[in-house]
Structure formats: structure tokens, C-alpha cells
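Working through the structure, step by step
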Amino acid sequence: MSRFSNLGHRLYQGEVSFDFVGRRKLWYSISGVIVLVAAIGLAMGLHLGIEFKGGSVYTVQKSGLTVSQAQTAVNDVTHGTTALVQSTDNGKVRIQISSEVEQSPDSIRSGLAKELSVPVAEIDSQVIGPSWGEQISHKALLGLVIFMVLVTVYMAIAFEWRMAVAALVALIHDLLITIGVYALVGFEVTPGTVIGFLTILGYSLYDTVVVFDTVKENTKGLTKQSKLTYSEAANAGLNQTLVRSINTTVVALLPVAALLFIGGGLLGAGTLNDISLALFIGLAAGAYSSICVATPLLAQLKEEQPEMKALAKRVAQRRASEAKAAAEAAGEGTPEGEEFADEDLPAGMVGQRGQAPGRSRAKGRPTGKR
Amino acid sequence: MATPKSRPRDGYPGRALALILVVTVGLVALMFGTGNTKPRLGIDLAGGTSITLTAESDDPKAINKSNMNIAVAIIQKRVNAMGVSEAEVQTEGDKNIVVNIPKGGDKESAADQVGTTAKLFFRPVLAYAPSGVQAQAPTASPSASASGSAAPAPTASATATGGSTAAPTPSASGTKAGRALGEALTADAASPSPTATAPAASPAASAPAASAPAAAPSAAATAPSAADLSAALTQGTVPADLQAQFAALDCSVDAQRKDYQTADLTKPTVACSSDKEQGYYNKFALGPVQVNGSDISKAQATIDTQNAAGWQVQLQFNDNGSKAFATTTGQLATQAPPANQFAVVLDGGVVSHPQVRESIPGGSAVISGSFTQDEAQGLANVLNFGALPLSFAQSDVVTVSPQLGGDQLKAGLIAGLIGMILVILYSLVYYRGLGLVSIAGLLVSAALTYSIMSLLGAGIGFALNLPAVCGAIVAIGITADSFIVYFERIRDEVREGAPLRPAVQRAWPRARRTILVSDFVSFLCAAVLYLVSVGKVQGFAFTLGLTTALDVVVIFLFTKPLITLLARKKFFSDGHPWSGLDPKRLGARPPIRGTRRRNSAPAATKEA
């Protein structure tokens, strides 16, 4: 741990720095591939739970009841229609019957109770009208759109429109990835999953907001100097908050992981599992996207600004002249020159890792910076 | 920070701490004091049946708040009629009604009955008779005991001839026995309920066969004179094909008291009165449907001040209904009692059977009688419901056995516990001494959340369902995140070489902004979800919003002051290795103040 907290320190001081912003192309291509795959998955279609199709689900608990026994019993009750019978991890049998079966749920339930000799009251059932899922999806979509609009407006006011755009892109990115994973793996999408998806909205942004807050702080008054470009300053901010981001993500994931473990392990399929699975994927994607998608995108947008372009130019000029001076000094071959070059590097340091030895040599020297 | 010189630089953390502790203890005490020590559990956790009905209509405008409320009232009545206690019927979203029948109450029929569309018909009464054990056959040669009928409607009073009626016949009209149809409809003063004696006061008690109006009904109510049922078979001619059915109908038997209003509305049928408040039922032979309930455009209970006739129900028909009603009333008015009555049949039960005095054109009518306010409003509701162009589809019917519900709850609680322990362990390992602060903060947060949920259960009927439990568990992460944001900020300051006390103060405004901004986003998400969502999502959104709000409270009133206090303690301010704020471990350079801002531009601009 101490090494880890030390890493936190070195990240903060910029001794160790990961160039997230500079490698945006890498992240974009990774994200692009993931999103593409997710989109393909989506095109293949989601595996919608019975809530979205209509039908009925019965859960029977009886010791020693096997799936095939249950299947036989169901077929007897419904006269041969194909019901989906699964055993859940906790010794229960779950029977799904599509809404095409024209038999009242009550009669199916009592029929099952009779066939399996279980009290009717102990058969849990859920009967879902075909339009229910449509309503849920519709509402979820409505909520999604309203939330996105509101949060974009809010972020545009609290921060600036570029940040709002970047956050929104990251948000859509997270949603796509999460839904894509569902489509590809074939997890069942239930209303619980939808809850999970929707929660990702808030959480993904929570993460992004924490990072942006630091980036905003770090880049305040940036145009007044000529040592750092916006991208570099943003990257520095990102690195400073890296430990924080990791910690908040870990802490957020721990309870969700507990939910996932308990929900899946003890209860088998169910609401707990549905919510926590979606959350888990979404949270992980959210942590990634706020670092690797949102901030680089923000930097890219900012660099388009004339004043940031001018800044980048100044920084480049300054570096060029410094490099020239350093080269000249090096040409003289004096050891001091090396020192000197080292000394001046902090300006570009954030973008250039591998300077740590130099840094540590400089460490403890009370002078040297501006 | 512009703190006045008179106060300590870091304020009075004790006050905020005292405040939140008082609030927490107060809420917990209130929870125990009122005995609501447990949150109310939803069906999925406690077991029971939950039915979600979705309104459907060809006319989207019809699905509005007032129509939904009327529907809720009607459904409530239906559920209660099934003998289900503690059932709860409420609207959810803008077009759903949720019926919760707790504790695995295995009312299998509930699901079937609860959601069926209310069917309201006006059918002419052919004959009626008491039915059922307690019903001592009332005498009732109607002409003999005609009561002075009810108060005629204002306009009607002039023309009203006072409907005589088969009055004493104990009408089942139960709760809202319409007693008079104004505007030429008069009450079938039939209801033997005590209020039925009111006709005595009726201004236009010009009953043709005026026997002592006051006496007759009351007598009927208390002791219907014995006569055999066939005698009580009021004069109307029951068509031959209906005769047997009518004779065989015994309304005191549950199974027979069902909806006989078959699909063929053009045929006569039989019906029972829908209530048995008087201890007996009436059975009716009814003619074909004359007016459909959906042709009523409006019904409302009003008070007739002009004639001091008390509460009455005003009816308004649409074009279609007006024509049909005019024709029907024209025909009925010429009939002899009881065939001059029409029955208001809701869901197969006769709710009211007022008498018609004359043809009523124009599409508006008044049913007057000796209504109490409740009765009038009840009848108006019934009539309105028939007017609702709404039908309900069962969207989701869930039956959960108490055992499964208990399992789910247990799993949720265990998951929460494990999640909490993991988070606590993580903060202890990573933040050491500071971790204790986050544990305390989590505990305060948990106490507040729990007590507020319990109190809300009693207060606004908030029921904790499984998604809500998930929301609470997820919130552990959100709460801990805020601590981390603050802790990391403090450590950043310490890294830069600041002594702890100033570091705590300097870190706060920045951490505060981050926490507020991100909590606002979470809260916005929860609020939007709560407002637009349906079903389970709402419970989740509610918990998430509640805990996010509490997160802000806890961090402002608890965490920040506590840390301020701790920063004054030697253990923390000296950066003890176990405090989590050890400058060495954090890599802060020994406090050479001059170089604190050593990290070139990023740090420099931070100060800007």
C-alpha cells in the first residue's frame, strides 16, 4: 500500500506521469473498436427478458425437483407448449411461459401446484403484459434523453460547453459499451438491468466531473504562461487525480461487487443480479472513459480554440529555443550544460516521461524552478 | 478563506458536529418513539401480490389525473369487496395503477377482477325482489306503500308528480342508493336505510298513493312485512325466458352474485344489488341496456340549496346519451312502478335504481334523494367511472411468497453488509487514521438513511423494495467517494508541504466544490429517474436521491468538522504514520516553505 500511496505522491508531483491525453489516438481507436463491437452486438439484438415480451414466470421451490420433472409438469399443464425451464443456483426452478399460451396464469399456477404437489401459495409468479416492457423502455429512454439534456446544460454552465460535450460523449460511450456487452454475451435484459443502465448515467458523470473539476482548476490562467499546452496541463491534472479516480472507482465497485456476488451466488437470477451486473460493467467503463475518452476529447476540443493554438505555438517556440540553447550547451560539452538542460525540462516534463532520474537528481534542490 | 478574525481560523467544528448528532439522535429517537423501527417492505421483500394496471384509451386526453383518481377509488372498492385488508391502491406514473395485496394473500381472483374494466349500464328495471336469507320478504305492493318520494330537483319540482314507488321494498341500493331522479326522475325511495325516511321532508311529496310517507319507509326498513317472495316480485313482467333465471337467483350466495351483463347488451338479464349493507340483497330483472355508461360526460355531486333537498347528483350526457336517455325516460315515465325505474348497473351490480317521472330531454338530469354527502359523491364517482373512456390492461402481476421475499431481503442486507465491510477495510488500509473518519461518516449516513426510510414508510407510505435496497448499497460507494475526494485533497495539500491544520482548511473549498458538483449530477439523475420512471425504477431512484442528499449533509456537517477537530490533535497534525497523513509517506518534502510550490506550472496555476 505504501508503495501505492507513494505512487500517488509521485503522480501528483509529476514524477510519474502517464500520457493519457497525448495518446488520444490510441484510446480513441481502442474505444472505437469496443464501440464498434458493441454496435455489432446491438445490431444482433439484445436478449430481452420476459418483461419486455410478455408472458408469465413461475418459480417453484421443492427439494429434489429436477428441471426435466418440471418440464414434464409444465407440458402437462399447458398441453405441450414449449416452456422455458431453468434451474437457478439456489435450488429453485424457474419456468417461463410466453404470452402466446392462452391459458390463464391462475390455472397454470394451480395446475403446476397440483402436478408438482406444492402449495399454490409457494409458487411465485409474475405475469407480464406485452406492453409493459415497451412502457418501461419508453420511460427509460425518455429519462435518458431528459437527463442528458439537463446535465449537458448544467455542465455547460458549471464548466463550459466543451466539457459538457466531452462528458456527454463519454457517457454515451459507457452506455454503448455496457449495452454492447449485454448484447454480445447474451445476458438477459430485464427492468433491473435498465435500472443499472440508468444509474450508470449518474455514476459515469460523477467520475468525469471529479476529473474535469481538477482539469478546470489546473488550466485556469493557462494562457498567461508559455510552458504548458492545454493538453499537457489537462494531462497533469488527470495524473494528479488518478489516485483519486482509482480510489473512488474501487470504492464504488466494492459494494456493487458484493451485490453481484450475493445476488448471483445466493439468489440466482434476479433483480439484485441484474442491477449489479449492469452497474459493474458500467462503472468500470465509466472509470476508463473519464480518463481515456472524456479528458483527451476535451483537450482536443480546447486545442481548437485560437488562444490555445497560440499557446501551443508559444510553448513550441519556447521549447525550440530552449532545445537550441541546450544543444549549444551540450555542444560545449560541459557537464553544467547537462544539468542545465535537465533543469529546464520540467516545462515539457508532463508530456515526457522517463525523466524521473533527472527529477530525482534535482530533487531536494531548493532552487532551480522559476 | 475569509474567516472573521474573532473566530478561530478553522471555525467552530463542534457546533456542526453537535447539530448533526442531535439531528441523528433525534431522528432515531423519533423512529423508536413512534414505533416505526422498520422500513415498510415492498411486495418483493415481504411477500404478497402486486398488480400493475396500465390505463388504455383511444383518447389520450382521457388518461388524466382526475380520471385516474376515480379509477383508483373504484378499484380500491373492488379490492375491499374481495375482503382483502391492508390492500393498497395507488397511481404510479401517469397511467399506471398499482394494487398491492400484502403478505402472500393468495387472492387468486384478485388479479382477474381488479383490473377488469368497469362497465356501467343504464337498464330499465323489469322487476325486483329481495333475495337472500335475511331478507324477510317485504310486502310491498308498491302502490300501497308508496312513499312520498324524494326531493325532486329544482326544476323538476314544478312538474314532478312525486314518484310513487315500490318504496318499501328494501332496495339494495346500498351505499349510494340513488333515491330520486331529479329533473323528472325521482328517487325510488326504495332504500330502506334510515335516511330513506327523509321523503317526509320532501317538498313535493305528492305521491299519488300517498300513504304516510314518513312511516312507510321506516317501517319497510325495520320490518318488511312478511309476504312470500313471489308476492314481492314486483309487478313488472319478467320475460319468460328470464323467469327461471330470475327465480333461481339467490344473491346471498357469493357465486351467484356475479356479473350477468353478458356481451349481448340488447337482451334482458338479471343482476344483484351490489351492496348488502342492509343485510340482504335485492335481485333484479333488467331490460336491455338503454344507455351506456360511457355516454355520460360528467357526473358530480352537488348540494341543492334552493329546495333544501340536500345532496344530489347531477348528470350530463353526451349527444348519443342524451338521445337515448330522452327516449328511455319517455318510455319509463309512462310505466307503472316498478317498471318506471332504471337501474344503474356497475360491474354487474345494481348501484342505484331511481325512478323516472317524466321524459328528460336535453341531456342533463339530476338524481336527488336523501343523500348524505358521501353517498352522493360515491354515486357521482360511479357514474363518472362509467364515463371514463379508460380500460386497464394488466401489465405486471407479481406474486411473491413470503419466503422468497425474505430470502431476497436477507441477500440484500448481506450484500450491503459485505459491501460496507469491504469499503471500510479499504479505507482503513489506504487511509489509516482517516479511514476511521470515513467509517464514522458511513455509520452516521446509515443511521440517517435507515431512520428516514422507516419514518417515510409511516409518513408517506414509502415502501422499501429490492431495487431500493440496491440503491442504498450503491450509495455506500457514493458516500465513501465524497470522503475520498476530501481526503485526497488534504493529502495533496500535505504533499505540497502544508502543515495539517492549514491543509485541512485549504483543501475544503476545493473538495467542497467537487463534491457538490458531482453530487448534484447524481441527484439530477435520481430526480429525473424518479419523475419519469415506472415500477421498480422509482424505488431505486428515490433511495439514490435520498442518500445523495444525505451525503451532502454528512460531508458538510460531519466529516468536515470532524476532520477539523482531528487536525488539532497531535496524532494527526504531527502526521503520525498511522494517521494516514504522514508527510513522509505522502512524499512531502520536509517543510522548506520557500519551495512548497515546487511543481512548476500545474501547481502554480492552481494557486491562480
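Residues numbered from 1 in each chain as written. Chains lettered and ligands numbered in written order. Predicted model: local features only at pLDDT ≥ 70, side-chain atom pairs only at ≥ 80, totals over all residues. Heavy atoms only, no water.

Now for the environment of A:Val209. Among the secondary structure elements, A:Val209 is positioned in helix H8 (residues 191–218). A relative accessible area of 0% places A:Val209 in the buried class. With 42 residues separating them along the chain, A:Val209 and A:Ala167 place their C-alpha atoms 8.0 Å apart. Ignoring sequence-local partners within four residues, the contact set of A:Val209 consists of A:Met155, A:Phe159, B:Val517, B:Ser518 and B:Val521. (Helix = DSSP H or I, 4+ residues; strand = E, 2+ residues; numbered from the N terminus. Buried < 20%, exposed > 50% of the residue type's maximum accessible area, 1.4 Å probe, protein only. Contact = heavy atoms within 4.5 Å.)

This part covers the packing of aromatic side chains. In this structure the tally under the stated criterion is 16 aromatic pairs over all chains. A connected cluster of aromatic rings, assembled from ring pairs, spans B:Tyr426, B:Tyr430, B:Tyr431, B:Phe483 and B:Phe487. (Phe/Tyr/Trp six-rings, centres within 6.5 Å; stacked < 30°, edge-to-face > 60°.)

Moving on, we get to the sheet that holds strand E15 (residues 364–371) of chain B. Residues and elements named next belong to chain B. Ordered in space as E10-E11-E15, the three strands form an open sheet in which the pairing is antiparallel. Pairing within the sheet leaves two strands with one partner each, and these edge strands are strand E10 (296–304) and E15. For this sheet, the mean angle separating the axes of adjacent strands, direction not counted, is 20 degrees. As defined by bridge partners, strand E11 (residues 310–317) adjoins E15 across six bridges and the pair is classed as antiparallel. Of the residues in E15, the one forming a bridge with Gln314 is Val366. (Pairing = 2+ DSSP bridges. Axes fitted to C-alpha atoms, helices over the stretch in contact; angles between N-to-C directions.)

All names here are of chain B. Their axes nearest at 9 Å, the elements helix H11 (residues 402–431) and helix H13 (residues 466–495) cross at an angle of 10 degrees. Between H11 and H13, the interaxial angle falls into the category roughly parallel. Contacts from Gln408, Gly412, Ala415, Gly416, Met420, Val423, Tyr430 and Tyr431 in H11 reach Leu466, Val469, Ile473, Ile476, Ala480, Ile484, Phe487, Glu488 and Arg491 in H13. Counted by class, the contact of H11 with H13 contains twelve nonpolar, three polar and two charged residues. (Parallel < 35°, antiparallel > 145°, perpendicular 65-115°, else oblique. Nonpolar A, V, L, I, M, F, W, Y, C, P; charged D, E, K, R; others polar.)

All names here are of chain B. Where H13 meets helix H14 (residues 500–532), the closest approach of the two axes is 8 Å, and the angle between their N-to-C directions is 145 degrees. Relative to H14, the crossing made by H13 is right-handed. Contacts from Ile478, Ser482, Val485, Tyr486, Arg489, Ile490, Glu493 and Val494 of H13 reach H14 at Leu500, Ala503, Val504, Arg506, Ala507, Trp508, Arg510, Ala511, Thr514, Ile515, Asp519 and Ser522. Within the contact of H13 with H14, the residues separate by chemical class into twelve nonpolar, three polar and five charged. (Left-handed = near helix turned anticlockwise from the far one by under 90°.)

This part covers a nonpolar patch on the surface. Residue and element names in this part refer to chain A. On the surface, a nonpolar cluster with roughly 660 Å² of combined accessible area is contributed by Val33, Leu36, Val37, Ile40, Met44, Leu184 and Val185. Elements represented by at least two residues in the nonpolar patch include exactly helix H2 (24–44) and helix H7 (161–185). Per-element tally for the nonpolar patch: the top contributor is H2, with five residues. Locating Val33 in the fold gives a position in helix H2. (Patch = residues over 30% accessible without salt bridge, like charges linked within 9 Å, V, L, I, M, F, W, Y side chains within 5 Å. Areas by Shrake-Rupley, 256 points an atom, 1.4 Å probe, with all protein chains shown as cover. Salt bridge = Lys/Arg side-chain N within 4 Å of Asp/Glu carboxyl O.)

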